Amino acid sequence: MNTSSNVDPSEISKFSALAHRWWDPNSEFKPLHAINPLRLGWIQTFVPLKGKKTVDIGCGGGILAESMSNLGADTLGIDLSDKALKVAELHALETGASVRYRSISAESLASEQAAQFDVVTCMEMLEHVPDPASVVQACADLAKPGATLFFSTLNRNLKSYVFAIVGAEYILRLLPKGTHQYAKFIKPSELARYIRQANLEVIGMKGLTYNPITQVYRLSDDTDVNYMIAVRKPLE
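For the structure given in this document, a descriptive report is provided here. (Residues numbered from 1 in each chain as written. Predicted model: local features only at pLDDT ≥ 70, side-chain atom pairs only at ≥ 80, totals over all residues. Heavy atoms only, no water.)

Structural notes on the pairing of strand β1 (residues 53-57)
Under the convention used in this document: Partly exposed residues are those whose accessible area sits between 20% and 50% of the maximum for their type, while under 20% is buried and over 50% is exposed, using a 1.4 Å probe and protein chains only. Only runs of H or I of at least four residues qualify as helices and only runs of E of at least two qualify as strands under DSSP, and these elements are numbered from the N terminus. In short, DSSP must find at least two bridges between two strands for them to pair.
Taking burial as the measure, the five residues of β1 include four buried ones, the bulk of the element. Sheet topology places β1 next to strand β2 (residues 74-79); five bridges connect them, and they run parallel. Paired with Lys 53 across the bridge in β2 is Asp 74.

If you want it as structure tokens, here you go:
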């Protein structure tokens, strides 16, 4: 896909409108704050982040990118929402984090900095672009041989529709209505195909589940709704 066309303006507008609330742990982004320690810990079971050159694709307001930087990673966060990036930069200034941010697409960065990163993360982003396979390929291109990459997204089935849209957006109101479009959810088999097409190897998969009674997220082998995949770029 042409780099400039792999963006949905309505998605950018949606998250830009909420950007000022990104770092409020009780805002619409409360779920991201809640799952961040879980996904950060899971990432580190595959690769210690300290000293690694890392890029976070679709970083938004910088929750994961700043966390990786705080663990000693040389971190770049990229996004196409300038408002979200401004919030990320301001928060980094407030906290003294050394993370850097750029307004650029994954595809454009890949053509500019191919094979430059030890770790590539792309979390909760693939379901918001017209061509997720193009983003996966760009992530593969950004990765050094032997690098580790991480993707997370939402499965597409009846259970994920009930939990992620009806439950999370309309009943529990964990997320604003319209945050997700069911048709854009990605089955693990589909993501695995994109990964194979990009010549990457799957090395792990984990689900994230939410208990509405205890209001606690946890890592799980249940990948029916939210799931993460770890992959590796083969050594050349």
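We are not done yet, so read on.
Re the packing of aromatic side chains
As a reminder, the rule being used: Paired rings are identified among Phe, Tyr and Trp, the last through its six-membered ring, by centres lying within 6.5 Å, and are further divided according to the angle between planes into stacked (under 30 degrees), edge-to-face (over 60) and tilted (the rest).
Enumeration over the complete set of coordinates arrives at seven aromatic pairs. For the pair Trp 42 and Phe 46, a centre-to-centre distance of 5.0 Å together with 75 degrees between the ring planes defines the contact as edge-to-face. Remark: Phe 46 and Trp 42 occur in helix α2 (residues 30-46); sequence separation between them is four residues, near one turn of the helix. For Trp 42, a relative accessible area of 7% translates into the label buried.

With respect to helix α7 (residues 158-171)
To be explicit about the condition: Helix span, expected: 1.5 Å multiplied by one less than the number of residues in the helix. Residue contacts are counted whenever heavy atoms from the two residues lie within 4.5 Å of one another. Definition of a polar contact: a pair of N or O atoms within 3.5 Å, with one able to donate and the other able to accept a hydrogen when the atoms are protein atoms, and with sequence-neighbouring residues admitted only if both atoms are side-chain atoms.
The terminal C-alpha atoms of α7, which comprises 14 residues, lie only 16 Å apart, well short of the 20 Å expected from a rise of 1.5 Å per residue. Of all the residues in α7, the buried ones are Ser 160, Ala 164, Ile 165, Gly 167, Ala 168 and Glu 169. Against β5 (143-154) lie the buried residues of α7. Between a side-chain oxygen at the N-terminus of α7 and the backbone nitrogen of Lys 159 the separation is 3.1 Å; the capping residue is Asn 157. Two residues or fewer after α7 comes Arg 173, characterised by a positive phi angle close to 55 degrees.

Overview of helix α8 (residues 188-197)
Every buried residue of α8 is accounted for by Pro 188, Glu 190, Leu 191, Ala 192, Tyr 194 and Ile 195. Each element contacted by the buried residues of α8 is listed here: α6 (132-142), β5, β6 (201-211) and β8 (226-232). Phi turns positive one or two residues past the end of α8, at Asn 199, with a value near 60 degrees.

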